[in-house]
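So the chains spell out like this:
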Amino acid sequence: MDPFALAGRVALVTGSTRGLGRAMANALGRAGAKVAFNYYNDEGTADRALNEFVAEGLEGILVRGDITDPADVERVVGEIGERLGPVDILVPNATCAQPMELIEDYDWETYQRMIDFFVKSPFLLTRACLPHMKQQGWGRIINICTTAFVAGKPVFSAYVAAKGGQVGMSRSLASELAPFGITVNMVSPGWIPVERHADEPQAAKDAYRDRIPTGRLGVPDDVGGAVVFLASEAASFVTGQNINVNGGVTIG
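Residues numbered from 1 in each chain as written. Predicted model: local features only at pLDDT ≥ 70, side-chain atom pairs only at ≥ 80, totals over all residues. Heavy atoms only, no water.

(A) Highlighting the packing of aromatic side chains. Tallying each qualifying case throughout the model produces 6 aromatic pairs. A ring pair is formed by Trp108 and Tyr111, whose centres lie 5.6 Å apart and whose planes are at 20 degrees; its orientation type is stacked. Of this pair, Trp108 and Tyr111 both sit in helix H4 (residues 108-136), 3 residues apart, roughly one helical turn. With a relative accessible area of 16%, Tyr111 lands in the buried category. The interplanar angle of 25 degrees and the centroid separation of 4.6 Å between the aromatic rings of Phe156 and Tyr159 together place this pair among those described as stacked. (Phe/Tyr/Trp six-rings, centres within 6.5 Å; stacked < 30°, edge-to-face > 60°. Helix = DSSP H or I, 4+ residues; strand = E, 2+ residues; numbered from the N terminus. Buried < 20%, exposed > 50% of the residue type's maximum accessible area, 1.4 Å probe, protein only.)

Take a look at the structure:
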């Protein structure tokens, strides 16, 4: 038996039609899971992501929904249950714009938006998926965090504060849910350039690469592999952990 095989499992990855989210969804599908791709904006990009996924012979659906809205979260999870089956693997990944500002220049609305995406949304999604996970005595919750929290990245306090809340929630839930056969872990990518970084100067990418012990920038599939591991039976004794996918930037 392949300990990494996910056949028969249903996965929900939020914010999964581009970037790291898409890579995670694709990786879970290639491991055998049926995958619900979630999006809120840009239906064209979402359609292309699902079409390419299905063209590989993988099984998935597209579900539009605002994962910061309690009613929409319940609807999304219910729709997935009807179309694919109840969610076994939950990956809260959706994000919002992440402005970098001096603390004097932030407003509370920006802080609140970060909290909505990185604390409120994982809470709502976890709560909606838990009845099925508890009933079957198996579940995987994989929160996508960030090495910016470990590094205490400056001029980024709104994002880092909210991600810190997500880390704390994940650790507490890991203890609470372990008796039910549900693991809760985190994957924290370093800076891995995706579509939204297309305009970043090459000099900035080179400077970051030069800090990485492995000598290369990460690619989205690096994150996908970590997610598949944590979703699999190979990680059944791993919970409350944070895997930093950054080539060793945070070793020191």
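Now that the structure has been shown, we can carry on.
(B) Here's a closer look at the nonpolar core. Residues Ile80 and Leu90 are the most contacted members of the largest nonpolar core, which totals 39 residues. Broken down by secondary-structure element, the contributors of at least two residues to this core are strand S1 (10-13), strand S3 (60-64), helix H3 (70-83), H4, helix H6 (157-177) and strand S6 (182-189). Of all the elements, H4 adds the most residues to this core, at 10 residues. The contact partners of Ile80, leaving out residues within four places of it in the chain, are Val10, Leu12, Ala36, Ile61, Val63, Gly85 and Val87. Judged by nonpolar contacts, the second largest core, of 34 residues, contains Leu20, Ala46, Val91 and Ala226. (Core = buried A, V, L, I, M, F, W, Y, C linked by side-chain atoms within 4.5 Å. Contact = heavy atoms within 4.5 Å.)

(C) Here's a closer look at the pairing of strand S2 (residues 34-39). Among the 6 residues of S2, 5 are classified as buried, and the element is accordingly described as predominantly covered. Here S1 pairs with S2 via 4 bridges, running parallel. The partner of Val13 across the bridge, within S2, is Phe37. Of the pairings in the sheet, the one linking S2 to S3 comprises 5 bridges and is parallel in character. Its bridge partner lying in S3, Tyr39 is registered against Arg64. (Pairing = 2+ DSSP bridges.)

(D) Expanded view of helix H2 (residues 43-55). For H2, spanning 13 residues, the distance from its first C-alpha to its last is 18 Å, which sits close to the expected 18 Å at 1.5 Å a residue. Among the residues making up H2, those that are buried are Thr45, Ala46, Ala49, Leu50 and Phe53. Burial along H2 is one-sided: seen end-on, the buried residues are contained in an arc of 130 degrees. In H2, those exposed residues whose orientation departs by more than 90 degrees from the buried face are Asn51 and Ala55. Buried residues in H2 make contact with helix H1 (19-30), S2 and S3. Of the residues one or two after H2, Gly57 is the one with positive phi, at around 85 degrees. (Expected span 1.5 Å × (residues − 1). Arc of directions from axis to C-beta.)

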